[in-house]
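Understanding the architecture of this molecule
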Amino acid sequence: MIDVLLVDDEDMIRQGILHSVDWNNFNMRVIGEAEDGEEALEIFSKHKPQVILTDIKMPFMDGLELLEKVKAENDNTYIIIISGYDEFQYAQKAVKLGAFDFILKPIELDYLEQILTKINADFAVKMEKEKDVQVLKEKVENIRSILQEGFFKDLIFKKFDRDAVEEKIKELEIIEFGYNTALLVQLDESEITNETFLNKEQFEREKEIFIIEMNQREYTFLILGTHEADVKSKRSTICNRIRDEVNASITIGLGNIYPSILQLSQSYEEALEALEYKFILGNGQDIDYNSIKDRVTAYSNVINNKDYDLIYSLDFTDKPRLQKDINQLMSELKNTGRDSYLYSQLIISNIYMSAIKALKEIGGNVEEVFHHPLEEFKQLASNPTIERVEDKLLVMLFKIADYINERKFGKYAYIIEKAKLYIHQHHQNPDLSIEAVARYVNISNSYFSILFKQETGQTFVDYLTSFRIEKAKYLLKVSGYLSYEISDQVGFNNSTYFSTIFKKYNGCSPTEYRKRILEEENGS
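The rules behind these values
Residues numbered from 1 in each chain as written. Predicted model: local features only at pLDDT ≥ 70, side-chain atom pairs only at ≥ 80, totals over all residues. Heavy atoms only, no water. Helix = DSSP H or I, 4+ residues; strand = E, 2+ residues; numbered from the N terminus. Buried < 20%, exposed > 50% of the residue type's maximum accessible area, 1.4 Å probe, protein only. Contact = heavy atoms within 4.5 Å. Axes fitted to C-alpha atoms, helices over the stretch in contact; angles between N-to-C directions. Parallel < 35°, antiparallel > 145°, perpendicular 65-115°, else oblique. Nonpolar A, V, L, I, M, F, W, Y, C, P; charged D, E, K, R; others polar. Pairing = 2+ DSSP bridges. Core = buried A, V, L, I, M, F, W, Y, C linked by side-chain atoms within 4.5 Å. Expected span 1.5 Å × (residues − 1).

1. Details of the environment of Lys-69
With respect to the helices and strands, Lys-69 occurs in helix H3 (residues 63-73). Judged by relative accessible area, Lys-69 falls into the partly exposed class, the value being 35%. Spatially, the C-alpha atom of Lys-69 lies 9.8 Å from that of Gly-37, the residues being 32 residues apart in sequence. Once residues within four sequence positions are removed from consideration, Lys-69 is found in contact with Leu-41 and Met-61.

2. Focus on the packing of helix H20 (residues 460-478) against helix H22 (residues 495-506)
Remark: H20 packs on H22, axes separated minimally by 10 Å, with the N-to-C direction vectors making an angle of 95°. As far as their axial angle goes, H22 and H20 are roughly perpendicular. Taken together, the residues of H22 that come into contact with H20 (itself represented by Asp-462, Thr-465, Ser-466, Ile-469, Ala-472, Lys-473 and Leu-476) are Phe-498, Ile-501, Phe-502, Tyr-505 and Asn-506. Class assignment of the residues belonging to the contact of H20 with H22 gives a composition of 7 nonpolar, 3 polar and 2 charged.

3. Some remarks on the sheet that holds strand E10 (residues 286-288)
Strand order in the open sheet formed by 5 strands is E7-E8-E6-E9-E10, and the pairing between neighbours is mixed. Sheet topology places strand E7 (209-215) and E10 at the edges, where each strand pairs with a single neighbour. If you compare each strand with its neighbour and ignore which way they point, the axes differ by 20° on average. Bridging between strand E6 (residues 179-187) and strand E8 (residues 218-225) involves 8 bridges; their strand directions are antiparallel. Bridging from a neighbouring strand, Leu-184 pairs with Thr-220 of E8. Taken strand by strand, helix H9 (residues 264-276) contacts E6, E7, E8, strand E9 (250-254) and E10, and its axis lies near 30° from that of E6.

4. Structural notes on the nonpolar core
Phe-316, Ile-326, Ile-351, Leu-397 and Ile-400 are the most contacted members of the largest nonpolar core, which totals 29 residues. If you list the elements that add at least two residues to this core, you get helix H12 (305-311), helix H13 (319-335), helix H14 (341-361), helix H15 (373-381) and helix H16 (386-409). Apart from the residues lying within four places of it in its own chain, the contact partners of Ile-326 are Leu-314, Ile-351, Glu-390, Leu-393, Leu-394 and Leu-397. Core analysis: the second largest hydrophobic core is formed by 21 residues, Ile-17, Met-28, Leu-53 and Ile-103 among them.

5. Digging into H20
Compared with an ideal rise of 1.5 Å per residue, which puts 19 residues at 27 Å, H20 spans 27 Å between its outermost C-alpha atoms and is within 8% of the ideal. Of the positions making up H20, those classed as buried are Phe-460, Tyr-463, Leu-464, Thr-465, Phe-467, Arg-468, Ile-469, Ala-472, Lys-473, Leu-475 and Leu-476.

What follows is the structure, encoded as structure tokens:
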């Protein structure tokens, strides 16, 4: 709806215009009236009407001055000047100043309605253009956001050197703040599997925060700021907001705050280590690395070096070797008299966390191994004798070993094969997306993208495009379909784009390819 303001020092003229025009026919409504330019300007500043009908000669502020001030504030405002025959030179000046049109007194209703019709049509065109521009801006922003998320993901996994980081920061228009930190948010409940538990959009409106969806149960928040105190305050606020908005039990691991963006990976690793301690400290907590690093040091001091070295050399992919090493560790506990309850708890905790760490290093999820990991760990640790602890511990470690071996050497090959089959069956759909395939195989978009490239050596887009081109080549060989028909059948909704891509892959156009095949078959 287009808002209209009527301005004239004569009430009779304003009322005549107001009641003579069927404003709905022009998608318009009158939102106010004013007796002079000053009152009109006040109403305009408050309500921002798109159309103003104003007399030229008025007390305090005339129509020309009103026109200049309105245009200075919003040049897109449509202003129709009402003037008498003796004021014609003012009307001409008004048009030069940017008035949309002018109308002479006495006002001819038909002519006024013609002007309103033009405004309505012009306004619709402008709105459509603004909508297109906004859509384009959103697309550009979405692409930049995706690229920025990819950059930060690579950064925390140490895939950049200093020069590459500086280049990417400029390329992706990332403001390089002085301080930064990482925190990890992990879902505690194992029942929630089909949808993400946290709405990223609620937090991404703030420019100093970047969020990476690691999987459906875990998010990494990267918080940047000018000063250390700013980052610390913002981190506390974010933790509180997350807990307010997530309707589930979550644990948050917090890394230290560092003065360089290159140290984000260190903060991330600290947050990850802090998060691992939920298996000792319990669910639903904020675990700061600073609060557990002293505990880590204390554990190292309590556990003798031989035991400590053995724990951190355990191979969780070799079950026979794993059993042998656990047997040796437990035997030494009994033989040396170091079988106190406290010491056995420390040993179990360290072994268990080492296993979880090994599991996470291959992108695993502990909830896929144990339905209630914290409860199962508590049951293990509560066993009264070392013999019973050893038996239960080996059962748990073997489960983890099976999972690691399956994930590392087999399970995910099956998932990719399942994804490829889905692509083959739906390649004709021009809207086929990585989101649809990831949803089909029931893993997150980001992880599917990494896994697909890892297993096939190609990105999802490259694989899909290559498959479509191979299908097109087959149809060019065996069918009489025209190029644009084949384009539709293999999932390209633009035949020109199809020809361009085909030539990129094969060095010739579809028509040239078919001609070459026919010549080869005819022996010419």
